[in-house]
Amino acid sequence: RRIVEHFSQVLRQLNPRLDSRERPLLMPVTMSLFGMLNWTYMWFKDSGRLCREDYAAIATTLILEGAKAVR
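Residue numbering note: each chain is counted from 1, following its sequence as written. Local features in a predicted model are, by the rule used here, given only for residues with pLDDT of at least 70; side-chain atom pairs are given and counted only at 80 or more, and totals for whole chains, interfaces and linings are based on all residues. Side-chain measures here rest on the full set of heavy atoms in the structure, leaving out hydrogens and waters.

Asks: Mind showing me how you'd approach the pattern of salt bridges here?
Replies: Side chains that differ in sign of charge can pair as their charged atoms come close. A pair is scored as a salt bridge if a Lys or Arg side-chain nitrogen falls within 4 Å of a carboxyl oxygen belonging to Asp or Glu. Evaluation of the coordinates by the stated rule reveals three salt bridges. Between Arg-12 and Asp-19 there is a salt bridge, with its nearest N and O atoms 2.9 Å apart. Here the term buried applies to any residue with accessible area under 20% of the maximum for its type, exposed to any over 50%, and partly exposed to those in between, with areas from a 1.4 Å probe on protein chains only. On the basis of relative accessible area, Asp-19 is assigned to the partly exposed category, the value being 40%. A salt bridge links Lys-68 to Glu-65, with the shortest nitrogen-to-oxygen separation between them at 3.4 Å. Taken together, the residues span about one helical turn, with Lys-68 and Glu-65 both in helix H4 (residues 52-69) at a distance of three residues. Its relative accessible area of 44% is what places Glu-65 among the partly exposed residues. The helix and strand labels rest on DSSP assignments: H or I over at least four residues marks a helix, E over at least two residues marks a strand, and numbering proceeds from the N terminus.

Asks: I'm lost on the packing of helix H2 (residues 26-38) against H4 in this one. Help?
Replies: Axis angle and axis distance: for two packed helices, these are the angle between their axes and the distance between the axes, and together they describe the pair. Put simply, H2 and H4 touch, their axes get as near as 11 Å, and they point 165° apart. It follows from the interaxial angle that H2 and H4 lie roughly antiparallel. For the pair H2 and H4, the sense of crossing is right-handed. Along its contact with H2, which presents Val-29, Leu-33, Met-36 and Leu-37, the element H4 presents Tyr-55, Ala-59, Leu-62, Ile-63 and Ala-67. Between N-to-C directions, angles span 0 to 180 degrees; the directions come from axes that are lines fitted to C-alpha atoms, helices contributing only their stretch in contact. Here is the rule for angles: anything less than 35 degrees is roughly parallel, anything more than 145 is roughly antiparallel, 65 through 115 is roughly perpendicular, and the remaining ranges are oblique. Crossings are sorted by hand: turned counterclockwise from the far helix by less than a right angle, the near helix makes the crossing left-handed, and turned clockwise it makes it right-handed. By definition, residues are in contact when any of their heavy atoms lie within 4.5 Å.

Asks: What's the story with the packing of helix H1 (residues 2-14) against H2 in this structure? I'm lost.
Replies: Contact geometry for H1 and H2: axes closest at 9 Å, N-to-C directions at 120°. Classed by the angle they form, the pair H1 and H2 counts as oblique. For the pair H1 and H2, the sense of crossing is right-handed. Counted together, Ile-3, Val-4, Phe-7, Ser-8, Leu-11 and Arg-12 of H1 and Leu-26, Met-27, Val-29, Thr-30, Met-31, Leu-33 and Phe-34 of H2 form the full contact between these two elements.

Asks: I would appreciate a short explanation of the packing of aromatic side chains in the present structure.
Replies: Any two aromatic rings considered together are summarised by their centre-to-centre distance and by the angle between their planes. Centre distance within 6.5 Å is the pairing criterion for rings of Phe, Tyr and Trp, where only the six-membered ring of Trp is used; planes under 30 degrees apart are then read as stacked, over 60 as edge-to-face, and the remainder as tilted. Considering all chains together, one arrives at five aromatic pairs under this definition. Between Phe-7 and Phe-34 the ring centres are 5.5 Å apart and the planes differ by 90°, which places this aromatic pair in the edge-to-face class. Placement of the pair is Phe-7 in helix H1 and Phe-34 in helix H2, with a sequence separation of 27 residues. Aromatic side chains Trp-43 and Tyr-55 sit 5.2 Å apart centroid to centroid with 75° between the ring planes, which places their arrangement in the edge-to-face category. One end of the pair, Trp-43, is in helix H3 (residues 40-43); the other, Tyr-55, is in helix H4, with 12 residues separating them in the sequence. Since its relative accessible area comes to 45%, Trp-43 is described here as partly exposed. Exposure remark for Tyr-55: the relative accessible area of 13% places this residue in the buried category. Members of the aromatic cluster, joined through ring pairs, are Trp-43, Phe-44 and Tyr-55.

Interpretation note: all reported values are geometric properties and have no functional meaning in isolation.
Put into structure tokens, the structure is as follows:
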């Protein structure tokens with residue numbers, strides 16, 4: 001719960017509109033991050049074309065830039 005709260009706070013700082021009463025999107029966006037990371041093991045292979053560092057950069061960009069764009 002503390003980890004989820006920590007990431008929620010970061011996402012709220014990136015886009016305060018995520019935490020509006022009219023359209024509460026903060027928790028769905030936060031949990032989307034965890035869903036994305038929790039399922040990585042299903043398809044990520046150490047021997048694949050993409051290294052962990054590259055995937056980390058992609059996931060970070062998706063969340064940080066994507067959270068800013070959510071309306």
